Amino acid sequence: MAAPRRAKPEDDDPNAAARAERLAHYQKRLLEERRLLIRQLGRNAEQFGAGSSESDGDLTNYPFHMADQGTDTMQQETSFLLASQESRTLWRIDDALRRLYRSPETFDVCDNCGQTISFDRLDAIPQTRYCVACKAHAPTR
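Section: the packing of aromatic side chains
Stage number 1. Counted by the stated rule, this structure contains 2 aromatic pairs.
Stage number 2. When the centroid spacing of 5.7 Å and the interplanar angle of 40 degrees are considered together, the rings of Tyr-26 and Phe-107 count as tilted. Placement of the pair is Tyr-26 in helix α2 (residues 16-49) and Phe-107 in the loop between α4 (66-102) and α5 (119-124), with a sequence separation of 81 residues. Per residue, the accessibility class of Tyr-26 equals that of Phe-107, and both read buried.
Stage number 3. An angle of 35 degrees between the planes, with centres 5.8 Å apart, marks the rings of Tyr-26 and Phe-119 as tilted. Placement of the pair is Tyr-26 in helix α2 and Phe-119 in helix α5, with a sequence separation of 93 residues.
Stage number 4. In this structure Tyr-26 comes out as buried when scored by relative accessible area, which is 1%.
Stage number 5. Through successive ring pairs, a cluster of aromatic residues spans Tyr-26, Phe-107 and Phe-119.

Shown next as C-alpha cells:
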C-alpha cells in the first residue's frame, strides 16, 4: 500500500505558486539593486581616495584660483552626499532581503495599513515597506 500523498502548499492555495514566483522576482530585483549600489559605492571610494589633482584631471600641483578650489570642494561634497544616500539605500535593500528571507508571507504587506503592496510598486522600489496610499500621506521617512 502506498503512503498517503502529503499536501504541498500549492495544493492548499492555488495562488501559492504565483506568490512564490513573485517573491523570487523581488529577491532577484533586490539582489540586482544591491550589486549595482555596491559597484557605485566602490567607484565613489576610488574617487574619494584620489588626490585633488588626480580626481580633476590636472597634471600639475600648482595652486589654483580660489573659485576652482571652491568648485572642487562643492563637487566633493556632492559626491559625499550621494554616497551617503546610496549607503542608506543599500541598508534598506539589506533590510528588505532580511524581511524576505525571515517572513516571506508578510514581505509584500504594507507596514502601515496591512494591505498588499502592488506588484508594480515593489517591482519599481523592491525595498519599500509602504503601499502607495500610505507613502503619499506619510511624512518623509
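Back to the write-up after that little detour.
Details of the side chain of Glu-86
Stage number 1. Locating Glu-86 in the fold gives a position in helix α4.
Stage number 2. Buried charge without a salt bridge: Glu-86, with Arg-43 as the nearest opposite-charge side chain at an N-O distance of 7.9 Å.
Stage number 3. Here Glu-86 is in contact with Leu-37, Gln-40, Leu-41 and Asn-44, once residues within four sequence places are set aside.

What counts as what
Here the residue index of a chain counts from 1 through its sequence in written order. For a predicted model such as this one, the threshold for reporting local features is a pLDDT of at least 70, and the threshold for listing and counting side-chain atom pairs is 80 or more; totals across whole chains, interfaces and linings nevertheless cover every residue. Only hydrogens and water are removed before side-chain values are computed, so all heavy atoms of the structure are retained for them. Geometry of aromatic contacts follows a simple scheme: Phe, Tyr and Trp rings, the Trp one being its six-membered ring, pair when their centres are within 6.5 Å, and the pair is stacked under 30 degrees between planes, edge-to-face over 60, tilted otherwise. For the purposes of this entry, the term helix denotes a DSSP run of H or I that reaches at least four residues, the term strand denotes a run of E that reaches at least two, and both are numbered from the N terminus. Type-normalised accessible area, obtained with a 1.4 Å probe on protein chains alone, sets the label of each residue: buried when under 20%, exposed when over 50%, and partly exposed for intermediate values. For the charge count, each Lys or Arg is scored as positive and each Asp or Glu as negative, with His and the chain ends excluded. Salt bridge, as applied in this entry: a Lys or Arg side-chain nitrogen positioned within 4 Å of an Asp or Glu carboxyl oxygen. It only takes one pair of heavy atoms within 4.5 Å for two residues to be counted as in contact.

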